[in-house]
Amino acid sequence: MNVEHMLVVGAGQMGAGIAQVALAAGIKVTLADISAEAVAKGRARIESGFAKLVEKGKLDDAKRQSFLGGLTTATEIGKVSGADAAIEAVSESEELKKKIFVQLDAVVKPGGLIATNTSSIPITRIATATQRPEAVIGMHFMNPVPVMQLVELIRGAATSDATYAATKAMAEKMGKTTVVSKDYPGFIVNRILIPMLNEACFALMEGLGTAQDIDTAMKLGTNQPMGPLQLADFIGLDTCLSIAEVLHKGLGDDKYRPCPLLRQTVDAGWLGKKTGRGFYKY
Ligand SMILES: NC(=O)c1ccc[n+]([C@@H]2O[C@H](COP(=O)([O-])OP(=O)(O)OC[C@H]3O[C@@H](n4cnc5c(N)ncnc54)[C@H](O)[C@@H]3O)[C@@H](O)[C@H]2O)c1
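Calculation criteria
Residues numbered from 1 in each chain as written. Predicted model: local features only at pLDDT ≥ 70, side-chain atom pairs only at ≥ 80, totals over all residues. Heavy atoms only, no water. Helix = DSSP H or I, 4+ residues; strand = E, 2+ residues; numbered from the N terminus. Buried < 20%, exposed > 50% of the residue type's maximum accessible area, 1.4 Å probe, protein only. Contact = heavy atoms within 4.5 Å. Areas by Shrake-Rupley, 256 points an atom, 1.4 Å probe, with all protein chains shown as cover. Lys, Arg positive; Asp, Glu negative; His and termini not counted. Charge placed at Lys NZ, Arg CZ, Asp CG, Glu CD. Axes fitted to C-alpha atoms, helices over the stretch in contact; angles between N-to-C directions. Parallel < 35°, antiparallel > 145°, perpendicular 65-115°, else oblique. Left-handed = near helix turned anticlockwise from the far one by under 90°. Nonpolar A, V, L, I, M, F, W, Y, C, P; charged D, E, K, R; others polar. Near = heavy atom within 4 Å. Polar contact = N/O pair within 3.5 Å; in protein donor to acceptor, adjacent residues only side chain to side chain. Patch = residues over 30% accessible without salt bridge, like charges linked within 9 Å, V, L, I, M, F, W, Y side chains within 5 Å. Salt bridge = Lys/Arg side-chain N within 4 Å of Asp/Glu carboxyl O. Pairing = 2+ DSSP bridges. Right-handed = clockwise from strand over helix to strand, strands pointing away.

### Things to note about the overall build of the protein
Next up, step 1: Tallying secondary structure elements over the protein gives eleven helices and eight strands in all.
Next up, step 2: Dimensions of the protein, computed from C-alpha atoms along their principal axes, come out at roughly 60 × 45 × 30 Å.
Next up, step 3: The proportion of buried residues among the 282 residues of the protein is 47%.
Next up, step 4: Taking contacts inside the protein between residues at least 6 apart in sequence as the whole, the part at least 24 apart equals 65%.
Next up, step 5: When the accessible area of the protein is evaluated, it comes to approximately 13600 Å², of which 54% is carbon and sulfur surface.
Next up, step 6: A gap of 3 Å separates the mean positions of the 31 positive and 29 negative side-chain charges of the protein.

### Describing the packing of helix H7 (residues 189-205) against helix H10 (residues 237-251)
Next up, step 1: Orientation of H7 relative to H10, taken along the N-to-C sense of each, is 115 degrees, at an axis distance of 10 Å. Relative to H10, the element H7 is oriented roughly perpendicular. In the crossing of H7 with H10, the sense of the turn from one axis to the other is left-handed. Across the interface between the two elements, Asn190, Arg191, Ile194, Pro195 and Leu197 from H7 touch Cys240, Ile243, Ala244, Leu247 and Leu251 from H10.
Next up, step 2: Looking at the contact of H7 with H10 residue by residue, the classes come out as eight nonpolar, one polar and one charged.

### Focus on the site of the ligand
Next up, step 1: Inspection of the region around the ligand gives 21 residues, with Met14, Asp33, Glu92, Lys97 and Ser119 positioned closest.
Next up, step 2: For the ligand, an oxygen atom lies 2.7 Å from a polar atom in the side chain of Lys97.
Next up, step 3: Separating an oxygen atom of the ligand from a side-chain N or O atom of Ser119 is a distance of 2.8 Å.
Next up, step 4: Protein contacts shield 75% of the accessible area of the ligand, which totals 840 Å² for the unbound molecule.
Next up, step 5: Every element with two or more residues in the shell around the ligand is listed here: helix H1 (13-24), helix H4 (94-107) and strand S6 (136-141).
Next up, step 6: With three residues, the top contributor of residues to the shell around the ligand is H4.

### Focus on a nonpolar patch on the surface
Next up, step 1: Residues Val179, Ile188 and Ile192 make up a contiguous nonpolar surface patch of about 250 Å² in total accessible area.
Next up, step 2: Here Ile188 shows up in the loop between strand S8 (177-182) and H7.

### Quick word on the pairing of strand S1 (residues 5-9)
Next up, step 1: The element S1 is largely enclosed, with a buried count of five among its five residues.
Next up, step 2: Neither face of S1 is left uncovered, since the one carrying His5, Leu7 and Val9 and the one carrying Met6 and Val8 both have all their residues buried.
Next up, step 3: Where S1 meets strand S2 (residues 28-32), five bridges bridge the pair, whose relative direction is parallel. Residue Met6 lies in a different strand from S2, and its bridge partner there is Val29.
Next up, step 4: In this fold, S1 hands off to H1, which returns the chain to S2; that crossover is right-handed.
Next up, step 5: Of the pairings in the sheet, the one linking S1 to strand S4 (residues 83-88) comprises four bridges and is parallel in character. By the bridge assignment for S4, Val8 is matched with Ile87.

### Quick word on the sheet that holds S1
Next up, step 1: The strand order across the open sheet built from eight strands is S3-S2-S1-S4-S5-S6-S7-S8, with neighbouring strands paired in mixed fashion. Of all the strands in the sheet, the pair left with one neighbour each is strand S3 (71-74) and S8. Averaged over all pairs of adjacent strands, the angle between strand axes in this sheet comes to 25 degrees, irrespective of strand direction.
Next up, step 2: Relative to S6, strand S5 (residues 108-116) runs parallel, the two being bridged by three bridges. Residue pairing across strands places Thr116 opposite Gly138, the latter belonging to S6.
Next up, step 3: Where helix H2 (residues 36-55) meets the sheet, it contacts S2 and S3, and its direction lies at approximately 160 degrees from that of S3.
Next up, step 4: Along the sheet face, helix H6 (residues 161-173) touches S1, S4, S5, S6, strand S7 (150-155) and S8 and points at about 30 degrees away from the line of S6.

This is a description of form; function is not addressed.
This is how it looks when you write it as structure tokens:
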């Protein structure tokens, strides 16, 4: 199915970014959240995202206006009609996501696909909230969505080949490159990235080097754009800890145990860049 109208639920950091790249691909978007304030915030993020592109000379003003003309907002999913596809990007709670999926099942056109941007909840479980688990798929965008090239597509146990093909085509239309992952904890990126960041925390805890030396070593020694401790600060140490816990619990292997120093830093409220302090001060 060619997606002409997309419903994006959750107008936060990720939802607004997803809406922006869909609009830029010529897809009409309805952006939904719980309140008028939340959708207004989402709209403002999108407007500022397009404004930055205009400033950089990557977008002309006529196009900016035409993209924004494709955006509508909603505070009640039940009142949205005619969506060919939906992408859910609400807060990371299984109970909440299942509630949203019951509503999406009722409003997305028959034959349409319903995707979730979850970072850690099994797609297979979210799909059980609908009458069409074959149409449910994981679409894991990276943050910030307009900048990051990758989307991981995650097939749940029941996801059909047709849903996978339609989602891949939709992601490519949105300018993204896809990889496909099985529905296991962390999918591909976080399964590999988070243990590396966690190991950097162990290295710091054991005094293997200072934070600066650990980061400089990994930056210059392995050609990464930023060191693992700084990256953890940027992602949010609470987010890193919660993904580490998902890997540890879901894979049942102690090699994924979160580093005690990571846990203590989170306990102190030093969550990284967003709170002004993590492994570094900002
Ligand atoms: N932030 C990241 O780096 C990142 C990366 C990949 C995936 N994700 C995933 O994306 C999802 C959203 O994350 P985020 O960072 O955008 O969070 P966020 O807190 O910025 O946004 C979540 C939004 O969901 C809305 N919401 C809550 N309950 C709702 C409801 N009942 N109906 C409609 N909207 C509701 C909130 O009002 C909020 O605007 C999560 O599942 C997260 O795991 C996040």
